[in-house]
Amino acid sequence: MATKHSRAAARLMISPAVLLLLGWMIVPLAMTLYFSFQRYNLLMPGMEEFTGFTNYRFFLTDPAFFAALLHTLQLVLGVLVITIVGGVLLALLLDQPFWGQGIVRILVIAPFFVMPTVSALVWKNMFLNPVNGLFAHIAKFFGLQPYDFLAQAPLASIIGIVSWQWLPFATLILLTALQSLDQEQLEAAEMDGAGPMSRFTYIMLPHLARAITVVILIQTIFLLSVFAEILVTTNGGPGTASTNLTYLIYVQSLLQFDVGGGSAGGVVAIILANIVAIFLMRMIGKNLES
Amino acid sequence: MGRITLDKVRKAFGEVEVIPPLDLTIDDGEFVVFVGPSGCGKSTLLRLIAGLEDITSGQIRIDREDATDVPPAKRGLAMVFQSYALYPHMSVRKNIAFPLKMAGMDPTEIDKRVNEAASVLNLAQYLDRRPGQLSGGQRQRVAIGRAIVREPKAFLFDEPLSNLDAALRVNMRLEISELHQTLKTTMIYVTHDQVEAMTMADKIVVLHAGRIEQVGSPLELYRTPRNRFVAGFIGSPKMNFVEGAEAAKYDAHSIGIRPEHVDMSRESGVWQGRVGVSEHLGSDTFSHVHVDGIGTINVRTSGEVDVRHGDTVWLTPTAANIHRFDKEGLAIR
Ligand SMILES: Nc1ncnc2c1ncn2[C@@H]1O[C@H](COP(=O)(O)OP(=O)(O)O)[C@@H](O)[C@H]1O
Ligand SMILES: [Mg+2]
C-alpha cells in the first residue's frame, strides 16, 4: 500500500463492500427512525400519522424503561465480571500441561457451539426447574427446600446462563494470549524472586490486558442485545424483573403491536449503546494501541 | 562469595540425555565462559545452575551448600537472558527495581540502588521509558542493571550479545569485562562465539554434545588443545587439518596447523599450491591455497600482500606449532 496508485486501486476494490455494508445498515436504521415518529399500531392499520416525539415521551416515561435499563447494565456487567474472572482462571488451568489436554480444551469450548435458545431451555428444564431440575434434586438430597431460581432470582439466573455461554469465548481468547507470553519473562521474574501470585499480578495480568479489552468490547456488543435466553426462560418476568431493553422493545412492538413505540425504543437503545461504546473506548481503548 | 560446584550433574529430557554426568568447579570471582556449537547444551547447563530446570541426577553446590533442590529465587544468582526478558509494560526504573521490590526492600533504598545502577550503566536519562522505546544495546544494559541491583553471588549470561550488531557487540563485550573488574563477582557466560570466549574469559569450558571437552585459560586452549574438536573450535580462522600420508610423516593420524603458523613464499617451501580466494582485511590477508594431495590450507600473512587467484606459492608450516592427533582425535604430546 505504498504508492498513490496502489492506494487508489485499493479504495476502488473495497468500495463495493463498503457501499453494500453501508446500505445494509442505513436502510433499516432510516426505517426505524421513520417509524419512531409515526403513530403506527398494527391493530389499527391505515391510521398511521406523524406524531412528533410522542412515542419517545411514552417510551422514556414508562417505569419499565428504567427497570429495563438497569437490568441491561446489570446483565452486561454481571456476565463480564463472571466470564473474565472465570476465563482467566480457566485459561491459567488449561495452560498447564496435563494428560488429556486436547479433549478437555474441546469440552471447554463446547458451550459456545450450543445455540442460545437451546442452552437456555436446557438450563431451565434440566438444572433450574424447582421440581425436576438437578439443583432441586441436590437440594432435596441435603434435605433443603428447592429454590425456584427463575421465579425468585430471575435476573441472576439469566446472568448465570449467559455467562455459561460466553465463558468459553473469554477462556479461548485469554488462553491464546497467555500462551503468547514469553516464557523467559516468567523465568526472569522467578529468578527475581517473584512467587506465583506476584508473577500473576506483575507479569501475566498486564500481558493479558489487551486480550481482556478485546473480550470486554466484543462481549458488550452481544450482551447489550441478549434476547433469546429471556424469551425462553422468564419471558421478562416476573413482572419486569428480568426485562432488558431488547426485550422491552420486543414487548412494545410485537406483544402490544405498537411499532411506533418499539421503533422509538430501538432508537433509544442505539443511542445508549453508542454512549456505552464511547465510555468503553475512553476507558480501555488505549490498551489496544501497541 | 560465589563458588559453584557441579558434581556428576546429569540432565535428560525424557529419554534423551542432553548432559551426561559432568563435574565442574567455578571459583569465586572467576569469569567462566561456556562455549560450544549450537545445541550442545550450554543453555541447559546454565539453566540447571540457575535452577530453572531440575537436574536428573547429581548435585549442585553454591558456596559449599547443597543447592540442588533450592528454588531459583533462593540461590542468589542473577540471570541475563538472550531475549533480555524485560517486562514490557514496566518502565526501565520499575524493571530494574523489580527484584528489589520482590525482596520487600525499603522504597528509598530501592531508589538509591536503581539510580546507582543506572549511572554505572549510562541509563540515567532513560529510566522513565518503556523497554520497547530503547535500542538493543540499551535493553541489554537494562537487563544487566536488573541483575546487578540484587548484588547476586554470581551472574549468569545466556548469549547476551547475540542480538546486537557487530560494533555494539564489541562495545558491550568490553563493558561486561569492565563490570567484572569492578564488581569482582563470579560470572558464567554462555556463547557459541569463540571470539567472545577468548576475549572475556578467565576460564573457558568447551562443551560438545553436553560433554566437557576441555577446561582452561584462553591461551592454554589455544596452545595445547586436548583434542581435534577443541583445536578446530578455538582460534579464528579455524585450524587447518591434514590427514593421510602427510600426517603419517609426523607419526600422527592427522595434524593441525593454524593459519597464522604457516609461512607463504613465492620461491620455496614444503608444500606447493595454487592460491584460491584471498581475503584482504588490510591488517591481515587470508589466502586459501589448494595443495595437491593435502587439500585447502588457509594461510594468514600480516599486512597487505599481493597474491592473486591462480598464483603459485610455497607454504611452510612452522614445525613447533604443528598439533598432532591420533585416530580418536586426541592430541599426541
Ligand atoms: N525442554 C526441552 N525438552 C527437550 N529437549 C530440550 C529441551 N531444552 C533443550 N533441549 C535439547 O537439548 C539440547 C541442548 O539445548 P541447549 O542447551 O538449548 O543448547 P545450546 O544453548 O548450547 O544451543 C538441544 O538438542 C535441545 O534440542
Ligand atoms: Mg542456547
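From a predicted model like this one, the values you see are computed outputs, not experimental measurements. (Residues numbered from 1 in each chain as written. Chains lettered and ligands numbered in written order. Predicted model: local features only at pLDDT ≥ 70, side-chain atom pairs only at ≥ 80, totals over all residues. Heavy atoms only, no water.)

## Concerning the UniProt feature "transmembrane region" (unreviewed entry) in chain A
All names here are of chain A.
So, step 1. UniProt records the feature "transmembrane region" (unreviewed entry) for residues 12–37, 64–94, 106–123, 155–178, 208–228 and 264–284 in the present numbering.
So, step 2. Taken end to end, residues 12–37 comprises 96% helix and 0% strand; its first and last C-alpha atoms sit 37 Å apart.
So, step 3. Counted over residues 208–228, helix gives 81% and strand 0%. Its end C-alpha atoms are 31 Å apart. (UniProt positions renumbered as here; feature names shortened; annotations may be inferred. Helix = DSSP H or I, 4+ residues; strand = E, 2+ residues; numbered from the N terminus.)

## Examining the pairing of strand 4 (residues 57–62) of chain B
Residue and element names in this part refer to chain B.
So, step 1. As defined by bridge partners, strand 1 (residues 4–13) adjoins strand 4 across five bridges and the pair is classed as antiparallel. Along strand 4, the bridge assignment pairs Arg-10 with Ser-57.
So, step 2. From the end of strand 4 to the start of strand 5 (residues 65–66), which pair antiparallel, there are two residues, and Asp-63 there has a positive phi angle of about 50°. (Pairing = 2+ DSSP bridges.)

## Some remarks on the environment of Phe-50 of chain A
All names here are of chain A.
So, step 1. For Phe-50, the position within the fold is in strand 2 (residues 49–50).
So, step 2. Taking the relative accessible area as the measure of exposure, Phe-50 reaches 61% and is therefore exposed.
So, step 3. Separated by 22 residues in the primary sequence, Phe-50 and Pro-28 place their C-alpha atoms 19 Å from one another. (Buried < 20%, exposed > 50% of the residue type's maximum accessible area, 1.4 Å probe, protein only.)

## Considering the UniProt feature "domain: ABC transporter" (unreviewed entry) in chain B
So, step 1. As annotated in UniProt, the feature "domain: ABC transporter" (unreviewed entry) corresponds to residues 4–234 of chain B in the numbering used here.
So, step 2. For residues 4–234 of chain B, helix accounts for 36% and strand for 26%, while the C-alpha atoms at its two ends are 25 Å apart.

## Some thoughts on the site of ligand 1
Residues and elements named next belong to chain B.
So, step 1. If you check the shell around ligand 1, you find Phe-13, Val-18, Ser-38, Gly-39, Cys-40, Gly-41, Lys-42, Ser-43 and Thr-44 and nothing else.
So, step 2. The separation between an oxygen atom of ligand 1 and a polar main-chain atom of Gly-39 is 2.6 Å.
So, step 3. Gly-41 has a polar backbone atom sitting 3.1 Å from an oxygen atom of ligand 1.
So, step 4. Across the complex, the protein chains shield 54% of the 560 Å² of accessible surface that ligand 1 would expose by itself.
So, step 5. It is helix 1 (residues 42–50) that provides the largest number of residues to the shell around ligand 1, a total of three residues. (Near = heavy atom within 4 Å. Polar contact = N/O pair within 3.5 Å; in protein donor to acceptor, adjacent residues only side chain to side chain. Areas by Shrake-Rupley, 256 points an atom, 1.4 Å probe, with all protein chains shown as cover.)

## Comments concerning the side chain of Thr-220 of chain A
All names here are of chain A.
So, step 1. Looking at the secondary structure, you find Thr-220 in helix 10 (residues 196–223).
So, step 2. Using a relative accessible area of 4% as the deciding quantity, one classes Thr-220 as buried.
So, step 3. Among the polar contacts listed, one links the side chain of Thr-220 to the backbone oxygen of Ile-216, at a separation of 2.5 Å.
So, step 4. Not counting chain neighbours up to four residues away, the residues in contact with Thr-220 comprise Val-76, Leu-80, Val-276 and Leu-280. (Contact = heavy atoms within 4.5 Å.)

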